[in-house]
Amino acid sequence: MARIDISKVTKFYGKTQVVHGVDFTIEDGEFVVILGPSGCGKSTLLRMIAGLEEISGGTISIAGEVVNDKEPRARGCAMVFQNYALYPHMSVAENIGYGLKVAGVPSAERLMRVRAVAKTVGLEEFLDRRPGQLSGGQRQRVAMARAMIKEPKVFLFDEPLSNLDAKLRVQMRIEIRKLHQRLKATSVFVTHDQVEAMTLADRLVIMNKGIIEQIGAPKDVYDRPASVFVAGFIGAPGLNLLPATVSSDSHSLTLADGQRLIIEPTRYPSLNPGPVTLGLRAEALNIRQGGAFVPQGGLKATFDFAEELGVGQHIHAEVAGSPLVIHVDGRHPFAFGAGLNIDVSPRDMQLFDSVTGLRITETDVPTSVSAAA
Amino acid sequence: MVERTPILNILTHLILIMGLIMLLVPLWIVFVASTHDFRTVNTVPMPLWPGNQMVANYTLAWQQSGFGPKMLNSFIVAIGVTAGKIAIAAISAYSIVYFNYRFRSLFFWLIFVTLMLPLEVRIVPTYAVAANVLRPYQELLDATGISTILGALAGIKITLPEWSMLNSYTGLILPLIATATGTFLYRQFYLTVPDELAEAAKMDGAGPLRFFWDVLLPLSKTNMAALGTIMFVYSWNQYLWPLLIITDIANYGTAVMQLQRIVPGPLFGEPPRWHIAMAGTLMVMTPPLLVVIFMQRWFVRGLVSTDK
Amino acid sequence: MTGKRVTFSNTWLAALLIAPQLLLVFTFFYWPAGEALYWSFTLEPPFGGENQWVGWQNFKTVFEDPLYWNSVRISVIFALSSTALAMGIALILATFVDRQLPGYQAYRFMYFWPYAVAAPAVGLAFRFIFAPDAGFVSALNQWYPGIWNPARDGFDAVVLITLANAWSMVAYNFIFFLAGLQSIPRSLNEAAAMDGSGVLRRMADIQFPLLAPTFFFLVVINLTDSFVNSFGIVDITTAGGPARATDLMVYKIYSDGFKGKDYSLAAAQSLVLMLLVISLTFIQFRYVERRVHYT
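Think of each chain on its own: its residues are numbered from 1, step by step along the sequence as written. Numbering of ligands from 1 and lettering of chains from A proceed in the order in which they are written. Only residues with pLDDT of at least 70 get local features here, since the model is predicted, and only at 80 or more are side-chain atom pairs given and counted; chain-wide, interface and lining totals rely on the full set of residues. Calculated side-chain values reflect all of the structure's heavy atoms, with hydrogen atoms and water omitted.

S.K.: Teacher, can you tell me more about the overall build of chain C here?
M.R.: Helix and strand content of chain C: 12 helices and 2 strands. With the principal axes as the frame, chain C shows a C-alpha extent of 80 × 75 × 30 Å. Two residues qualify as a contact provided that any one of their heavy atoms is within 4.5 Å of a heavy atom in the partner residue. Long-range pairs, those at least 24 residues apart, make up 67% of the contacts in chain C with a sequence separation of at least 6. Counted charges follow a simple rule, with Lys and Arg positive, Asp and Glu negative, and His plus the chain ends left uncounted. The atoms used to mark charge sites are NZ of Lys, CZ of Arg, CG of Asp and CD of Glu. Of the side chains in chain C, 18 bear a positive and 18 a negative charge, and the two mean positions are spaced by 9 Å. By the criteria applied, helices consist of DSSP H or I runs no shorter than four residues and strands consist of E runs no shorter than two, each listed in order from the N terminus.

Below you can see the structure in the form of structure tokens.
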């Protein structure tokens, strides 16, 4: 059983703190994706699990055993690196088998195991080649095979797909997911690509500036982001964010240009009058064609341009001085500067504290998903 | 690029051919002179085409100077110095780049600054050290008072044995092995090796020595060839140092040292046997010349990337 | 100094790996350099015993000796002229080889050769080629008797060792100039050609200015080399003569120290040479820093 417990982990480089007390548990067999912008501490965290970085404070346990002072080789982890880190002077077979060679596995057995692993990733024909003679996707597979052959308790992935072109990335994503379904090994995957994260993860850990912003299943994180940061980071496009003011009776919001929207005050027990940030998903908005504008149940916006997606369009508009993106299924030949009437349902309105950026929780939604630091 | 410059092209070739003449004619004259007999070589002007005395001249030059053992000595020294320089550069740079300890920058600079202390400017005291290698340590022990303290405590007077490197291969090789250039070159190379390679090796369970031996050394083959080529040329061509520390020429003389003894002319009151002298010169210069010709690619890379 | 993200923590191993080089450097570089410093301020009493502190006396002796200034003067002339000669020839050859006309690889290949030739071998070869009574240049003496004799005429002797030294340094300079030229982006040359600039014009306007860093670097290297590494050539070609006309600083240190057995005087001269090398190297370091901006 390889459960990973991360408890109050911190990391300092000299006086700079890059990880600020991170706490979470990865269950045995779970596929966890750590997502965040570059410099958020996600790779550092992964490398602390691997044993490539000293842990400055707190503990990391793998399978119930504290590993803080253990060397990488004693932790039972295998890692796939961003640039693959294949040994350029060794053949594919030697690359895959190097860990076994160091461990003193006899060469006959080594060869057998290398062949077996190479077969599962489709590399049998390339065993004698050097990494320099392989394509990006093939190198990626060698890196995977090198990790797999050790039959590790834990797989660690450090942005392994970021050097591949878009099409190959999608394909490798599927292969990694399949692999996980078959091996059921605990996996930690670090990426800055939210699509990759959403599609791969059993559970997402979103980090920013060395703290965890939110932990949860991809759908929960998407539906109920715990903070403005997560809201902007998850989804393509991210949540539309508009500054607004809650009226003194907490029954409505006023935007910067004076437009008003009705809210359901009973949903927000902790809502106070004053400034908030209003979040709206592009998919939750609807452009009303014809018919009358419903004051206080909708927004008036100005059309900028439409972005073609193939399956529909992203309508880019402006409301109260802020950009607003609306997802539509059909095609809309609006002219630049045209006025748009947009329906907004009170149920789709998400509110965030304008100072802390944290979500103002609703009564009708389970709150367990948010676990802000 | 489409560019028609026929006159300039001819001029270019003319200049380049003149360059070739300038750089290679001295070598040609040495060769031509080494193939004529005593009388022909001393005619003025001398012929520009080889004669037929080549075998005789070379045999004589070889035997007279005892080039057999001298060439062998030169090879031993050149290979010893080259191998030593590569080994010591590879491990010192490894220590400096891949280990984290407080004095590593200081150590790097201590090694690097020796560039400013070529043999020629410290020649007399270096000779004195070679005559008794452990003397610096003896004086250190005395000066720091360690030997006095030990003498008082244990009643033993510490006297390091005298170890002279004069007239020995050790003396020809060891003082030349320290290498700022090589250490710098290897350090530069290590810095270009991706960090992930060391991490991957760590994940594969390899320790520092294993990583060095299995990954870094094989990867540095190009580097090694480059460094090896320039260092072979450098050590084969050593002249002043062997001249100083070798007095037992019969046993430890090197080929280049021998050049001093084959200078003909009034200096030694002999007839100017230039044909023999030139045959000897050519033999002495051939091994490094061959190395440069065969290793050209590495040699150029080594030179240019070290910035000396 | 940039280090690695991943480091090993075994300090004993690290120490073990660097110890051999540090020992060598201490024993054969720093200790002797220190000793040179000590000797240059002390004198060995004529009847043995500890060296005695004499302050600047050795330096005074050296600086008051006209023979020393003779040696400095010759060294400077020798270094400047062989540097100019070697670099000038190398620059011309490299620029024209860089045109990459058919056959340029052959030139490039053979221009390297002189680098491999040991200084004393160069000396001996040039001694023969430029001998007054044999070899190649002696033909001059047939037409104009007595015009060339490096064994008698000091000026001729200086010319001889300068030529020999320049010849042996051309290859090194050539390699660096060529590498410098090849690192100039092709597109710059092409852009200049599009601007209507011809071959020679491009050399002057594009290539030479961009070679400036290489040029400065080589000036320092060549000067240092001429001051320090000229022993082999002088010893074989002229042995400092005639009448000390080619008594370079290095050669004088050697003869005072080993033939004259005056360690203190030799040490004081070594120290002066050391300072010269150190200041040249400092100039080079400053330049190396600057070069970052060029490229």
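S.K.: Sorry if this is basic, but what is going on with the sheet that holds strand E3 (residues 31-35) of chain A here?
M.R.: The strands that make up a sheet pair up through hydrogen bonds in the backbone, lying either parallel or antiparallel. Residues and elements named next belong to chain A. Any two strands with at least two DSSP bridges between them are considered paired. Spatially, the 6 strands line up as an open sheet ordered E6-E7-E8-E3-E9-E10, and their pairing is mixed. Strands with a single pairing partner mark the edges of an open sheet, and in this sheet they are strand E6 (77-80) and strand E10 (211-216). On average, adjacent strands in this sheet sit at an angle of 20 degrees to one another, irrespective of strand direction. Strand contacts of helix H5 (residues 166-183): E3, strand E7 (154-158) and strand E8 (186-191), with the helix running at about 140 degrees to E3, the strand carrying the most contacts. Note on geometry: axes are C-alpha line fits, over the in-contact stretch for helices, and angles between N-to-C directions span 0 to 180 degrees.

S.K.: Before we go on, may I ask you to explain the interface of chain B and chain A in this structure?
M.R.: The extent of an interface is frequently quoted as the accessible surface area lost upon association of the parts. Contact with chain B, which involves 17 residues of that partner, is made by 23 residues of chain A. For the pair chain B and chain A, the summed buried surface comes to about 1,800 Å²; carbon and sulfur atoms form 61% of the total. Computed with a 1.4 Å rolling probe, the buried area is the accessible surface lost when two parts are put together, summed over both parts. Together, B:Glu199, B:Met203 and B:Asp204 form the three largest contributors to the area buried by chain B at its contact with chain A, with a combined 39%. What makes a salt bridge here is a side-chain nitrogen of Lys or Arg within 4 Å of a carboxyl oxygen of Asp or Glu, nothing more. Counting every contact that joins chain B to chain A gives 2 salt bridges. In this structure, A:Arg47 engages B:Glu199 in a salt bridge whose closest nitrogen and oxygen atoms are separated by 2.2 Å. N or O atoms within 3.5 Å of each other form a polar contact, as long as, within protein, one can give a hydrogen and the other can take it, and as long as residues adjacent in sequence are counted only when both atoms are side-chain atoms. Inspection of the region where chain B meets chain A yields 9 residue pairs in polar contact (both at pLDDT 80 or more). Elements with a minimum of two residues in the side of chain B that touches chain A: helix H11 (195-203) and helix H12 (208-219) of chain B. Looking at the side of chain B that touches chain A, the element that brings in the most residues is H11(B), giving 7 residues.

S.K.: So what exactly am I meant to see when it comes to the pattern of salt bridges here?
M.R.: It is possible for side chains of opposite charge to pair when their charged atoms get near one another. Scanning all chains against the criterion turns up 26 salt bridges over all chains. Between A:Lys70 and A:Glu65 there is a salt bridge, and its shortest N-O distance comes to 2.6 Å. A:Lys70 gets classed as partly exposed once you look at its relative accessible area, which sits at 29%. For the salt bridge of C:Arg244 with C:Asp247, the shortest nitrogen-to-oxygen distance reads 2.9 Å. The cut-offs for exposure are 20% and 50% of the maximum accessible area for each residue type, with area from a 1.4 Å probe on protein chains only; residues under the lower value are buried, those over the upper are exposed, and the others partly exposed. Exposure remark for C:Asp247: the relative accessible area of 3% places this residue in the buried category. The network of salt bridges with shared partners includes A:Lys11, A:Arg47, A:Glu53 and B:Glu199.

S.K.: What should I look at first to understand the packing of helix H3 (residues 54-65) of chain B against helix H17 (residues 274-294) of chain B in this one?
M.R.: A packed helix pair is summarised by two numbers, namely the angle formed by the two axes and the spacing between the axes. All names here are of chain B. In the contact formed by H3 and H17, the axes pass within 8 Å of each other and the chain directions differ by 75 degrees. The orientation of H3 relative to H17 falls into the category roughly perpendicular. Between H3 and H17, the contacting residues are Asn57, Tyr58, Leu60, Ala61, Trp62 and Gln64 on the first element and His275, Ile276, Ala279, Gly280, Leu282 and Met283 on the second. Its residues assigned to classes, the contact of H3 with H17 comprises 8 nonpolar, 4 polar and no charged. An angle below 35 degrees is read as roughly parallel, one above 145 as roughly antiparallel, one from 65 to 115 as roughly perpendicular, and any other as oblique. For this classification, the nonpolar set comprises Ala, Val, Leu, Ile, Met, Phe, Trp, Tyr, Cys and Pro, the charged set comprises Asp, Glu, Lys and Arg, and every other residue, Gly included, is treated as polar.

S.K.: What exactly am I supposed to notice about the packing of aromatic side chains here?
M.R.: Given two aromatic rings, their pairing is described by the distance between the two centres and the angle made by the two planes. Pairing of aromatic side chains requires ring centres within 6.5 Å, counting the rings of Phe and Tyr and the six-membered ring of Trp. Pairs whose planes differ by under 30 degrees are stacked, by over 60 edge-to-face, and all others tilted. This structure, assessed with the given rule, holds 62 aromatic pairs over all chains. Between the aromatic rings of A:Phe31 and A:Phe157, the centroid separation amounts to 6.2 Å while the plane-to-plane angle is 20 degrees, which identifies the pairing as stacked. In this pair, A:Phe31 is assigned in strand E3 and A:Phe157 in strand E7, connecting sequence segments 126 residues apart. Under the relative-accessibility criterion, A:Phe31 is labelled buried at 1%. A:Phe157 gets classed as buried once you look at its relative accessible area, which sits at 2%. Seen in terms of ring centroids, C:Tyr251 and C:Tyr254 are 6.0 Å apart; in terms of plane orientation they differ by 45 degrees. Their pairing is tilted. With C:Tyr251 and C:Tyr254 both in helix H11 (residues 249-259) and 3 residues apart, this pair spans about one turn of that helix. The same class applies to C:Tyr251 and to C:Tyr254, which are both buried. Here a set of aromatic residues connected by ring pairs shows up, and it is made of B:Tyr94, B:Tyr98, B:Phe99, B:Tyr186, B:Phe189, B:Tyr190, B:Phe211, B:Phe212 and C:Phe8.

S.K.: Is there a simple way to think about unusual backbone geometry in this case?
M.R.: Backbone geometry follows two general trends: most residues other than glycine have a negative phi, and most peptide bonds adopt the trans configuration. All names here are of chain A. Cis geometry marks the peptide bond from alanine 236 to proline 237; its omega dihedral reads 0 degrees. With respect to the helices and strands, proline 237 occurs in the loop between helix H8 (228-233) and strand E11 (240-246). The backbone of alanine 85 sits at a positive phi, close to 50 degrees, despite the residue not being glycine. Position of alanine 85 relative to the elements: it lies in the loop between E6 and helix H2 (92-102). A positive phi angle is found at glutamate 151, which is not glycine, with a value near 45 degrees. Take glutamate 151: it is sitting in the loop between helix H4 (136-148) and E7. We classify glutamate 151 as exposed; its relative accessible area is 63%.

S.K.: When you look at the interface of chain B and chain C in this model, what are you seeing that I'm missing?
M.R.: Between chain B and chain C, the residue contacts involve 117 residues of the former and 103 residues of the latter. Buried surface at the junction of chain B and chain C, both sides included, amounts to about 10,500 Å², of which 76% is carbon and sulfur. For the pair chain B and chain C, the interface holds 1 salt bridge. B:Arg135 is the salt-bridge partner of C:Glu35, the closest N and O atoms lying 3.0 Å from each other. Taken together, chain B and chain C are joined by 18 residue pairs in polar contact (both at pLDDT 80 or more). By residue number, the principal contributor to the side of chain B that touches chain C is helix H1 (residues 6-33) of chain B, which donates 17 residues.

S.K.: For this particular structure, what's the right way to read the pairing of E8(A)?
M.R.: Every other side chain in a regular strand lies on the same face of the sheet, so the side chains alternate between the two faces. Residue and element names in this part refer to chain A. In terms of burial, E8 is a largely internal element, 6 of the 6 residues being buried. The side-chain alternation of E8 yields two buried faces, one formed by Thr186, Val188 and Val190 and the other by Ser187, Phe189 and Thr191. As paired strands, E3 and E8 are joined by 5 bridges and run parallel to one another. Bridge pairing in E8 links isoleucine 34 to valine 190. Across 5 bridges, E7 lies against E8 in parallel orientation. Residue pairing for E8: phenylalanine 155 is matched across the bridge by serine 187. Here a crossover is taken to be right-handed if, once the strands point away from the viewer, the path from the first strand over the helix to the second is traced clockwise. Handedness of the β-α-β unit built from E7, H5 and E8 comes out right-handed.

S.K.: Even after reading the chapter, I still don't get the packing of helix H7 (residues 135-144) of chain B against helix H1 (residues 11-40) of chain C, so can you show me in this structure?
M.R.: At a minimum axis distance of 10 Å, the contact between H7(B) and H1(C) shows a crossing angle of 70 degrees. As far as their axial angle goes, H1(C) and H7(B) are roughly perpendicular. Contact residues: H7(B) offers B:Arg135, B:Pro136, B:Tyr137, B:Glu139 and B:Leu140, while H1(C) offers C:Leu23, C:Phe26, C:Thr27, C:Trp31 and C:Glu35. Taken together, the residues of the contact of H7(B) with H1(C) sort by class into 6 nonpolar, 1 polar and 3 charged.

S.K.: Is there a simple way to think about the pairing of strand E2 (residues 16-26) of chain A in this case?
M.R.: Residues and elements named next belong to chain A. Pairing analysis gives 7 bridges linking strand E1 (residues 4-13) to E2, with the strands arranged antiparallel. Each residue of the ladder has a partner; that of phenylalanine 12, found in E2, is glutamine 17. What sits between the antiparallel neighbours E1 and E2 is a turn of 2 residues, in which glycine 14 has the positive phi angle 65 degrees.

S.K.: What exactly am I supposed to notice about the sheet that holds strand E13 (residues 260-262) of chain A here?
M.R.: All names here are of chain A. Across the sheet, which stays open at both edges, the 5 strands sit in the order E13-E12-E11-E14-E20 with antiparallel pairing between neighbours. Both outer strands of the open sheet, E13 and strand E20 (350-353), are each paired with one neighbouring strand and no more. For this sheet the average axis-to-axis angle between neighbouring strands, irrespective of direction, equals 40 degrees. Of the pairings in the sheet, the one linking strand E14 (residues 274-280) to E20 comprises 4 bridges and is antiparallel in character. Directly across from glycine 279, in E20, lies its bridge partner glutamine 350.

S.K.: Just to check I follow, could you spell out the nonpolar core for this structure?
M.R.: As a rule of thumb, soluble globular proteins bury nonpolar side chains together. Here, nonpolar core refers to any group of buried Ala, Val, Leu, Ile, Met, Phe, Trp, Tyr and Cys residues whose side-chain atoms link them within 4.5 Å. Among the nonpolar cores identified, the biggest contains 235 residues, and A:Ile6, A:Phe24, A:Leu156, B:Tyr94, B:Tyr98, B:Tyr190 and C:Phe128 are the most heavily contacted of them. Top contributing element to this core by residue count: helix H7 (residues 154-182) of chain C, with 15 residues. Contact partners of C:Phe128, with chain neighbours within four places excluded, come to B:Ile29, B:Ala33, B:Val41, B:Met46, B:Trp274, B:Met278, C:Ala134, C:Gly135 and C:Phe136.

S.K.: Would you take a moment to explain helix H10 (residues 180-192) of chain B for this structure?
M.R.: In an α-helix, one turn spans 3.6 residues; hence positions three or four apart end up facing the same way. In this model, H10(B) (13 residues) spans 19 Å end to end at C-alpha, consistent with the 18 Å of a helix rising 1.5 Å per residue. Where H10(B) begins, the capping side chain belongs to B:Thr179, and its oxygen is found 2.8 Å from the backbone nitrogen of B:Gly182. The span you would expect from a helix comes to 1.5 Å times its residue count less one.

S.K.: How should I be thinking about the confidence of the model for chain B in this particular structure?
M.R.: Detailed reading of the predicted coordinates is not advisable wherever pLDDT falls low. Averaged over all residues, the pLDDT of chain B is 86; the fraction at 70 or higher stands at 95%. Least confident of the elements in chain B is helix H18 (residues 296-306) of chain B, whose mean pLDDT is 70; most confident is helix H4 (residues 67-98) of chain B, at 94. pLDDT is a residue-level measure of predictor confidence that goes from 0 to 100.

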